[in-house]
Amino acid sequence: MRQLGLDIPETLAPAANYDLLTSHGGLLYVSGQLPRVGDQVAVTGRVGSDIPLAQARHAAQLCALRALGVLRQALGSLDLVERILKLQVFVQCTPEFDQHSEVADAATDLLIQVFGALGKPARTAVGVYQLPKGASVELDLIAVGPAGLRFREFHHAASR
């Protein structure tokens with residue numbers, strides 16, 4: 001990760017009453033991640049009016065880094081991730097904005113940087129009216145890890 005110049009968050013906790021990651025039969029479901037840096041949502045506002053495309057792409061990368069942090073925290077190492085199956089990217093945007101795929105590409109590109117071809121997921125990119133905390137972008141993903149692997153569970157809720 002250091003060779004790629006990526007700064008993956010070390011310790012993450014849910015911001016409300018949910019688990020950051022659940023699993024079943026080797027499938028790893030990572031909850032929605034906002035573009036947070038520390039405890040602050042770093043990119044807020046509506047893409048297409050308040051936020052330009054480049055900043056929305058940066059927000060998608062921040063979200064992807066947090067998702068990688070969740071996987072690493074749960075598994076102990078990203079080396080145990082066998083494949084990224086599905087990526088969903090939600091963009092808070094104006095009705096006229098139609099570059100959702102370009103925003104999502106920033107997250108996909110990062111996953112491919114980390115995992116190579118195994119990081120290229122099936123994907124959904126959609127525009128939405130509003131996201132939590134005013135975030136410009138949110139994403140979640142499904143990955144494959146070793147079946148039967150026990151991971152750290154995230155049952156505590158962080159202070160809001």
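Each remark here, short or long, concerns the structure printed above.
So, a few notes on the structure that sits alongside this text.

### A look at the packing of aromatic side chains
Under the definition given, this model contains 0 aromatic pairs. The ring of Tyr129 has Arg46 sitting right over it, with the charged end atom 4.5 Å from the ring centre.

### Description of the pattern of salt bridges
Here the structure, examined in full by the defined rule, presents 2 salt bridges. As a salt-bridge pair, Arg72 and Glu10 come within 3.1 Å of each other at their nearest N and O atoms. On the criterion of sequence distance, the pair formed by Arg72 in helix H1 (residues 53-75) and Glu10 in the segment before strand S1 (21-24) is long-range, its members being 62 residues apart.

### Comments concerning the nonpolar core
In terms of nonpolar packing, the biggest core is built from 43 residues, with Leu68 and Leu71 touching the most fellow members. Every element with two or more residues in this core is listed here: strand S2 (27-33), H1, strand S5 (83-92), helix H2 (100-115) and strand S7 (137-144). Residues in contact with Leu68, not counting those within four places in the same chain, are Ile8, Leu78, Leu110, Leu111, Val114 and Phe115.

Conventions adopted
Numbers given to residues run from 1 along each chain, matching the order in which its sequence is written. The model is predicted, so local features are restricted to residues of pLDDT at least 70 and side-chain atom pairs to those at 80 or more, both for listing and for counting; the totals for chains, interfaces and linings are taken over all residues. Hydrogens are left out, water is left out, and the side-chain values use all remaining heavy atoms of the structure. Ring geometry is summarised as follows: Phe, Tyr and Trp rings, the Trp one being its six-membered ring, pair when their centres sit within 6.5 Å, and such pairs are stacked at plane angles under 30 degrees, edge-to-face over 60 and tilted between the two. The criterion is that NZ of a Lys, or CZ of an Arg, lies within 6 Å of the ring centre and within 35 degrees of the ring normal, and then a charge sits over that ring. Between Lys or Arg on one side and Asp or Glu on the other, a salt bridge is scored when a side-chain nitrogen of the former is within 4 Å of a carboxyl oxygen of the latter. Strands are runs of DSSP state E lasting at least two residues, helices are runs of H or I lasting at least four, and both sets are numbered from the N terminus onward. In this text, buried Ala, Val, Leu, Ile, Met, Phe, Trp, Tyr and Cys residues form a nonpolar core when linked through side-chain atoms within 4.5 Å. Working definition: with a 1.4 Å probe on protein chains only, accessible area under 20% of the residue-type maximum means buried, over 50% means exposed, and in between means partly exposed. In this analysis, two residues are considered to be in contact whenever any of their non-hydrogen atoms come within 4.5 Å of each other.

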